[in-house]
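Listed below are the residues making up each chain.
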Amino acid sequence: MDWRILLDIALGAVLINNFILVQFLGICPFMGVSKKMDTSIGMGFAVIFVMGLASALCYPVSLLLDALELQYMRTVAFILVIAALVQLVEMFLKKAVPTLYEALGVYLPLITTNCAVLGVVLLNVQNDYNFIESVVYGVTGGIGFLLAIVLFSSIRERLEFSDPPKAFKGFPIALVTAGLMALCFMGFSGLKIPW
Amino acid sequence: MNIFYAVLILGILGGVFGLVLAIASKVFAVKSDPKLALILDCLPGANCGGCGYPGCAGCAAAILAKKAPVNACPSCSGLQTSRIAAVMGVEVKAQERRVAFVRCSGGSRASHKFRKYVGIDDCVAAMKVAGNGPLDCAYGCLGLGTCVRACKFDAIHINEYGAAIVDQNKCTHCMQCAKACPRGVITDVPYASDIMVPCGNRDKGPAAKSLCTVSCIGCRLCEKNCPAGAITVTDNHAAIDYTKCTSCGFCVEKCPRKLIRDIHATGKVEPVA
């Protein structure tokens, strides 16, 4: 395994193809839980956690589907895997690491229906990643999510005290802000590691 | 044939996951005290934060862990508190119901001559700029509604004069309005008490008089006329000791500013004049 490939994948997932700001996946929690910095950090870490685990677990499932030539069932199967996984992780954390469970709080079950998580496992298959590459892509995709949502929440905390025109108050100005951030992330599109 | 496989595979996957989850729920079962749910039932569920814990669930957990007293919830009525006490198996003394009280009724009747505020309708924001908002009186309610937004029980409003006023029947004494108020105008009074001094001005008489038509000027007429000795004027401002007050109403009659009021006689904390 060449660690450079992994680094390339990581760089791509965090900056160049950031899940939220470039691929527009997981916009729902991005808008929903970005009002305060600390909640957004909690959500970010929960996403990293679940994305990494989902990537690892969906890899054998996709192999199984490939073997039976049932590729068209991927989406359904992956949703099943993710939903079950999140439930399992929640129960496990509650018992084994209550502090982490409390830190993640409601965000863990929220992620069950997060399209960024489903997106990462589908992209793993599309890009023909192997097991390690899949996990790296999942975890770094989560880090990209964390980066975007923390940046966004810090802007939104300041937006609270700004005085936009009435029609822009609340979500409209937040969406405009998210759009501007996406424009900024376009700047990373040419980024490459010169090996 | 293919569809058969698809159904089979998904069926197996679903079955396996279901089984794993069922086993996991037994293996990883966390014993939660049934008392927790009972306590949570007694709490109001508004998550107002008046107890200092993150929401009602946090408060219930703290009460259960004996980190908080059974009457930790400031919004609970005596009945609810006694039910929590019964769950915890302890006695609790009946507590007098208190409500929030805005020590200002000036609003538009206070002087706005020397200051002008153009900005966000928020008291905290107004206090951040030079001049501290639109009001000339340094002790009064700005009336920009920070407390109204802080109240989870719809119990505080801006009245027609532009000053905040508490709906005593809805108020649960969580005191989030007092925490939110950047002027410190909001205090609390016993729910049963009748006589109110809705002014917090500590300026000397002439200054207080020029700032507002409903201000306490510290003339001491109420103090001298109180048969129970419940009123004392300190720092040019009348304060009522509710343990002594008998609601006789002499001070209401004598107050030259028509500031001291019997709120239950007039029906609301509104000036007579």
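Bear in mind the structure is a predicted one, so any value in this text is a computation, not a measurement.

*Asks:* Could you clarify how one ought to interpret the overall build of chain B in this entry?
*Replies:* The number of helices and strands found in chain B is eleven helices and eight strands. Taken across its 273 residues, chain B has 44% of its residues classed as buried. Only carbon and sulfur atoms are counted for the fraction: they give 59% of the accessible area of chain B, which is about 14,300 Å².

*Asks:* Explain the confidence of the model for chain A to me, please; I cannot follow it from the model alone.
*Replies:* A low pLDDT means the predicted coordinates there should not be read in detail. In the predicted model, chain A carries a mean pLDDT of 86, and 96% of its residues have values of at least 70. Mean pLDDT across the elements of chain A ranges from a minimum in helix H5 (residues 98–104) of chain A, with 73, to a maximum in helix H8 (residues 131–159) of chain A, with 93.

*Asks:* Where do I start with the confidence of the model for chain B in this structure?
*Replies:* When pLDDT is averaged along chain B, the result is 83, and 95% of the positions lie at 70 or above. This prediction of the complex comes with two scores: 0.55 for pTM and 0.71 for ipTM.

*Asks:* Would you take a moment to explain helix H1 (residues 3–16) of chain A for this structure?
*Replies:* All names here are of chain A. The first and last C-alpha atoms of H1 sit 18 Å apart over 14 residues, in line with the 20 Å expected at 1.5 Å per residue. Along H1, the residues that are buried comprise Leu6, Ile9, Ala10, Gly12, Ala13, Val14, Leu15 and Ile16. Looking at the packing, one finds that the buried side of H1 touches H8 and helix H9 (171–186).

*Asks:* How should I be thinking about the interface of chain B and chain A in this particular structure?
*Replies:* As a measure of interface size, the accessible area lost when the parts come together is often cited. Taken together, the contact between chain B and chain A spans 17 residues of the former and 21 residues of the latter. A combined buried area of about 1,700 Å² lies between chain B and chain A, and 86% of that area is made up of carbon and sulfur atoms. Sorting the residues of chain B by area buried against chain A places Leu10(B), Phe17(B) and Phe28(B) first, and these three jointly supply 31% of that buried surface. Taken together, the links from chain B to chain A amount to zero salt bridges.

*Asks:* Where do I start with the environment of Phe45(A) in this structure?
*Replies:* Along the chain, Phe45(A) falls in helix H3 (residues 37–67). Along the sequence, Phe45(A) and Phe145(A) sit 100 residues apart, while their C-alpha atoms lie 9.0 Å from each other.

*Asks:* Looking at this structure, I do not really get the environment of Ser193(B). What am I missing?
*Replies:* All names here are of chain B. By secondary structure assignment, the location of serine 193 is in the loop between strand E4 (186–190) and strand E5 (195–196). Residues serine 193 and tyrosine 242, spaced 49 residues apart in sequence, show a C-alpha to C-alpha distance of 7.0 Å. Those residues in contact with serine 193 that sit more than four places away from it in its chain are Tyr242, Ile263 and His264. At a separation of 2.7 Å, a polar atom in the side chain of serine 193 contacts the main-chain carbonyl oxygen of proline 190.

*Asks:* Help me out: how do you make sense of the pairing of strand E6 (residues 231–234) of chain B in this one?
*Replies:* A regular strand places its side chains on the two faces of the sheet in alternate fashion. All names here are of chain B. Burial along E6 is one-sided: Ile231 and Val233 are buried, and none of Thr232 and Thr234, which face the opposite way, are. Bridge analysis of E6 against strand E7 (residues 237–240) gives four bridges, and the strand direction is antiparallel. Bridge pairing in E7 links threonine 232 to alanine 239. In this antiparallel pair of consecutive strands, E6 and E7, the connection spans two residues, and aspartate 235 shows a positive phi of 50 degrees.

*Asks:* I keep staring at the side chain of Thr177(A) and nothing clicks. Help me out?
*Replies:* Residue and element names in this part refer to chain A. With respect to the helices and strands, the residue threonine 177 is situated in helix H9. Residue classification places threonine 177 among the buried positions, given a relative accessible area of 11%. Leave out the neighbours within four places in its chain, and threonine 177 touches Phe152, Ile155 and Leu159.

*Asks:* Just to check I follow, could you spell out the side chain of Ser215(B) for this structure?
*Replies:* All names here are of chain B. The topology assignment puts serine 215 in the loop between helix H8 (205–211) and helix H9 (221–225). With a relative accessible area of 1%, serine 215 lands in the buried category. At a separation of 2.7 Å, a polar atom in the side chain of serine 215 contacts the main-chain carbonyl oxygen of alanine 208. In terms of polar contacts, serine 215 uses its side chain to reach the side chain of arginine 257, at 3.0 Å. Those residues in contact with serine 215 that lie beyond four places of it in its chain are Cys199, Ala208, Lys209, Arg257 and Leu259.

*Asks:* What is the right way to read the packing of helix H4 (residues 74–96) of chain A against helix H7 (residues 115–126) of chain A from this model?
*Replies:* Residues and elements named next belong to chain A. In the contact formed by H4 and H7, the axes pass within 10 Å of each other and the chain directions differ by 130 degrees. In this view, H4 runs oblique relative to H7, as classed from their interaxial angle. Crossing of H4 against H7: the hand is right-handed. Contact with H4, carried on its side by Arg74, Thr75, Phe78, Ile79 and Ile82, involves Val117, Leu118, Val121, Leu122 and Val125 of H7 and no other residues of that element. Residues belonging to the contact of H4 with H7 are distributed by class as follows: eight nonpolar, one polar and one charged.

About the criteria used
Residues numbered from 1 in each chain as written. Chains lettered and ligands numbered in written order. Predicted model: local features only at pLDDT ≥ 70, side-chain atom pairs only at ≥ 80, totals over all residues. Heavy atoms only, no water. Helix = DSSP H or I, 4+ residues; strand = E, 2+ residues; numbered from the N terminus. Buried < 20%, exposed > 50% of the residue type's maximum accessible area, 1.4 Å probe, protein only. Areas by Shrake-Rupley, 256 points an atom, 1.4 Å probe, with all protein chains shown as cover. pLDDT = per-residue confidence, 0-100. Expected span 1.5 Å × (residues − 1). Contact = heavy atoms within 4.5 Å. Buried area = accessible area lost by both parts, 1.4 Å probe. Salt bridge = Lys/Arg side-chain N within 4 Å of Asp/Glu carboxyl O. Polar contact = N/O pair within 3.5 Å; in protein donor to acceptor, adjacent residues only side chain to side chain. Pairing = 2+ DSSP bridges. Axes fitted to C-alpha atoms, helices over the stretch in contact; angles between N-to-C directions. Parallel < 35°, antiparallel > 145°, perpendicular 65-115°, else oblique. Left-handed = near helix turned anticlockwise from the far one by under 90°. Nonpolar A, V, L, I, M, F, W, Y, C, P; charged D, E, K, R; others polar.

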